[in-house]
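Summary of the model geometry
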Amino acid sequence: MDIYFSFSYIGLIISIVVLAPFIAIWFLKPTNIPKDIKGHNIILTILTYLGLLGCVVFLCSAQDYFNVAEIVNSAWFWLAIVAFIGYVVFWVNYFIDRDYEKLIQGFGFMPMPIAFFTVLTLCFLSLFINHFWMWLSTVVLGIGIIGNSLYVYYQATKDQAEEQKKLRQEKKAKRLEEKQEKGAEKKKKINKVNER
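Read on for a plain summary of the structure.

Calculation notes
- Residues numbered from 1 in each chain as written.
- Predicted model: local features only at pLDDT ≥ 70, side-chain atom pairs only at ≥ 80, totals over all residues.
- Heavy atoms only, no water.
- Helix = DSSP H or I, 4+ residues; strand = E, 2+ residues; numbered from the N terminus.
- Contact = heavy atoms within 4.5 Å.
- Areas by Shrake-Rupley, 256 points an atom, 1.4 Å probe, with all protein chains shown as cover.
- Buried < 20%, exposed > 50% of the residue type's maximum accessible area, 1.4 Å probe, protein only.
- Polar contact = N/O pair within 3.5 Å; in protein donor to acceptor, adjacent residues only side chain to side chain.
- Patch = residues over 30% accessible without salt bridge, like charges linked within 9 Å, V, L, I, M, F, W, Y side chains within 5 Å.
- Salt bridge = Lys/Arg side-chain N within 4 Å of Asp/Glu carboxyl O.
- Core = buried A, V, L, I, M, F, W, Y, C linked by side-chain atoms within 4.5 Å.
- Lys, Arg positive; Asp, Glu negative; His and termini not counted.
- Charge placed at Lys NZ, Arg CZ, Asp CG, Glu CD.
- Phe/Tyr/Trp six-rings, centres within 6.5 Å; stacked < 30°, edge-to-face > 60°.

On a plain count of helices and strands, the protein chain comes out with 7 helices and 0 strands. Start at the N end of the protein chain and walk to the C end: the helices and strands fall as α-α-α-α-α-α-α. The long-range share in the protein chain, meaning contacts at least 24 apart out of those at least 6 apart in sequence, stands at 80%. Total accessible area computed for the protein chain in this model is approximately 13,200 Å², and 65% of it derives from carbon and sulfur atoms.

Dropping the structure here:
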């Protein structure tokens, strides 16, 4: 499959807008990062940045694709706009108070909304400009960013999950104890009746 390079100002603007929150988060770090978070998985981090780099390069070199595509009649374009609105909403929500949980908390059926909307926006854009290599970069980005988000989420919630498991075990033990006590009382009553 051929790759054509033709510089696109539209692609450059889109790339800057998509990358802006990722750059901003280096300077505006979350205020309440849990102490037990070890960090990101190095392989998934490399995949994330390779995917982002690929998307930016192919967006910035897709002038011919943008010229050919008909914006108004393209369902992919409007899906990209909808995904981008979700992308902006969740990033703005994070930057309001820079709460760490907002980066990893789920929303409806989406486990990591910021990662999810990032990938979705770029995926729809790649389909809109009909660029296979950008779509492939989006897949790599998706594996990296969503995988890393789940990896960090697991670290953040591991202690909480263990605590909940312990509470469930305690409740189960208490119910079993109550059941045994009721059984013992019932047995005593039966014995008393039999004695009479």
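On to the environment of M112. Structurally, M112 is set in the loop between α5 (101-104) and α6 (113-128). Separated by 41 residues in sequence, M112 and Y153 place their C-alpha atoms 8.9 Å apart.

On to the side chain of S61. Counting through the fold element by element, S61 comes out in the loop between α2 (42-60) and α3 (63-68). Looking at S61, the relative accessible area reads 7%, which means it is buried. Reaching out from S61, the side chain makes a polar contact with the backbone oxygen of V57 at a distance of 2.8 Å.

Our focus in this paragraph is a nonpolar patch on the surface. Together, I23, W26, F27, L28 and Y49 give the surface a local cluster of nonpolar side chains, amounting to about 580 Å² of exposed area. Residue contributions to the nonpolar patch peak at 3 residues, all from helix α1 (residues 9-27). A residue is classified by how much of its surface remains accessible, and Y49, at 44% relative accessible area, is partly exposed.

Soluble globular proteins tend to pack their nonpolar side chains together in the buried interior. If you look at the biggest cluster of nonpolar residues, it comprises 31 residues, and the most contacted ones within it are W91, L103, L122 and M134. Broken down by element, the residue count for this core peaks at 8 residues, all from α6. Ignoring anything within four residues of it in the chain, the contact list for L122 reads V18, L52, C55, L59, M134, T138 and L141.

Okay, a negative patch on the surface next. On the surface, E177, E178, E181 and E185 cluster together into a negatively charged patch. For E177, a relative accessible area of 47% gives the class partly exposed.

Mapped onto the fold, I145 is located in helix α7 (residues 132-195). Residue I145 is classed as buried on the basis of its relative accessible area, which comes to 10%. Considered as a pair, I145 and A115 are 30 residues apart in the sequence and their alpha carbons are 6.0 Å apart. Aside from chain neighbours lying at most four places away, what touches I145 is F22, T48, A115, T118 and V119.

This paragraph deals with the packing of aromatic side chains. Each aromatic ring pair is described using two quantities: the centre-to-centre distance and the angle formed by the ring planes. According to the stated counting rule, one finds 13 aromatic pairs in the structure shown. Centre to centre, the rings of Y87 and W91 are 6.5 Å apart; their planes meet at 70 degrees, and the pair counts as edge-to-face. One end of the pair, Y87, and the other, W91, are both in helix α4 (residues 75-97), 4 residues apart, so they sit about a helical turn from each other. Across the pair, exposure class does not vary: Y87 and W91 are buried alike. Centre to centre, the rings of W91 and Y94 are 6.0 Å apart; their planes meet at 80 degrees, and the pair counts as edge-to-face. Residue W91 and its partner Y94 are located together in helix α4, separated by 3 residues, close to a single helical turn. A residue is classified by how much of its surface remains accessible, and W91, at 5% relative accessible area, is buried. Cluster of aromatic residues (ring-pair linked, three or more members): F22, F84, Y87, W91, Y94 and F95.

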